[in-house]
Amino acid sequence: MSTTTTRGVAQPASAKASTPRPRRGLRASSTFNFWLFTGPFLIGLIIFVFVPIGWSIWLSFFEARFTVTPSEFVGFDNYVQILSDENFRNSLVTFTVFAAFIVPATWALSLGLALLVNRLRFMRAFFRSVFFLPTAVSYVAAALIWKMSIFNGVRFGLMNTVIGWFGIDNIAWLANPDPPWYWLVIVTVRLWLQSGFYMILFLAALQNIPRELYEAASIDGAKPGWQTFRHITLPQLRATTTAVILLLLVAAYQAFDEFFNLLPKATWGQPPLVELYKVALGQNQNYGAGSAGAVVLTLLICVVTLLQGKIMGFGRGEESK
């Protein structure tokens, strides 16, 4: 390194300030990487989501029996037909009952599991994995286990064995709509399947709550337990709670596997998708009416989602709360 002498003292020569050279092609590289990773997803979304939705809307305005390429335009006749179907209207009532059971039950159970796992000092990863594992089980497989092993209606079934210990007679869980014991079977199987997923969402939200809030509350005299949970934890989970409820409502509208496999021959307790399955893929194969029902159900899901988001303040900024 060259030096300069000032008053007999050697000083290092001042280096010229080097300006960083712009990296050529960086913007193009970022754009290429973006489309490289999102391109396959977008292509799949267009092919398997947007195209079927558009095709279903177009098909709902045509007479389409035993064909998906109709030529006779019927306007809103398919919508009138599907909305005049008593079974389809009753299925919407079934959804309301199902959602009234499953949404608050899943919310409470998943939040409770998240609170318990979050308080663990050891083996937290183990219990988190154990509660999450049921989400990997197929709805069809779980429904068959519930139907043939746990709630099979014979005295050797698990539930009938348990209630037999208390002197209660055997119950035909799925064969009798009065009383509707089948609701217990359907709700419990979905609780087991989906609670672990929503527990992970709540657990992530709990771990993002600043510890300083609890310390400040303790200094102010707040008691640990229900008082802290009500005034600190629950308000901090507002956004996650809104998202969970929206996802649960949409999932309840789309319930199909457990109903179809648990009650394949029943005429009661069928959700909208099962009725649409019967209309579109039954003996008449009326794809036009089935598509109209799918459009009605989609619009209903959108309306309920928007109303729920409006009530819960989803997407609202902190300053507007």
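Residues numbered from 1 in each chain as written. Predicted model: local features only at pLDDT ≥ 70, side-chain atom pairs only at ≥ 80, totals over all residues. Heavy atoms only, no water.

(A) Here's a closer look at the environment of Asp169. Tracing the chain through its elements places Asp169 in the loop between α6 (158–164) and α7 (182–207). For the pair Asp169 and Arg155, spaced 14 residues apart in the sequence, the C-alpha separation amounts to 8.7 Å. (Helix = DSSP H or I, 4+ residues; strand = E, 2+ residues; numbered from the N terminus.)

(B) Quick look at the packing of helix α2 (residues 77–84) against helix α13 (residues 287–312). Contact geometry of α2 with α13 gives a least axis separation of 8 Å together with a crossing angle of 75°. Our classification of the angle between α2 and α13 gives roughly perpendicular. Residues Asn78, Tyr79, Gln81, Ile82 and Leu83 of α2 touch α13, and the partners they reach there are Gly288, Ala289, Ala292, Gly293, Val295 and Val296. Looking at the contact of α2 with α13 residue by residue, the classes come out as 7 nonpolar, 4 polar and no charged. (Axes fitted to C-alpha atoms, helices over the stretch in contact; angles between N-to-C directions. Parallel < 35°, antiparallel > 145°, perpendicular 65-115°, else oblique. Contact = heavy atoms within 4.5 Å. Nonpolar A, V, L, I, M, F, W, Y, C, P; charged D, E, K, R; others polar.)

(C) Quick look at the pattern of salt bridges. Counted under the stated rule, the structure contains 2 salt bridges. As a salt-bridge pair, Glu63 and Arg65 come within 2.8 Å of each other at their nearest N and O atoms. Residue class for Arg65 comes out partly exposed when judged on its relative accessible area of 36%. Among the salt bridges present, the one from Glu258 reaches Arg190, with a minimum N-O distance of 2.6 Å. Of this pair, Glu258 sits in helix α11 (residues 257–262) while Arg190 sits in helix α7, and the two are 68 residues apart along the sequence. Take Arg190: its relative accessible area is 5%, and that puts it in the buried class. (Salt bridge = Lys/Arg side-chain N within 4 Å of Asp/Glu carboxyl O. Buried < 20%, exposed > 50% of the residue type's maximum accessible area, 1.4 Å probe, protein only.)

(D) Region of interest: the environment of Gly293. Along the chain, the position of Gly293 falls in helix α13. Between the alpha carbons of Gly293 and Ile82 there is a distance of 6.0 Å; along the sequence they are 211 residues apart.

(E) Local environment of the packing of aromatic side chains. Tallied over the entire structure, the rule returns 21 aromatic pairs. Ring plane angle 50° and centroid distance 5.5 Å describe the contact between Phe61 and Tyr79, whose orientation is recorded as tilted. Separated by 18 residues along the polypeptide, Phe61 in the loop between α1 (26–59) and α2 and Tyr79 in helix α2 bring together distant segments of the chain. Consider the rings of Trp146 and Trp192, whose centres lie 5.3 Å apart with planes at 40°: the pair is tilted. Note that Trp146 is positioned in helix α5 (residues 139–150) and Trp192 in helix α7, a separation of 46 residues in sequence. On the basis of relative accessible area, Trp146 is assigned to the buried category, the value being 10%. Taking relative accessible area as the criterion, Trp192 reaches 37% and is therefore assigned partly exposed. Put simply, the rings of Trp55, Trp58, Phe61, Phe62, Phe73, Phe76 and Tyr79 touch in pairs and so form one group of aromatic residues. (Phe/Tyr/Trp six-rings, centres within 6.5 Å; stacked < 30°, edge-to-face > 60°.)

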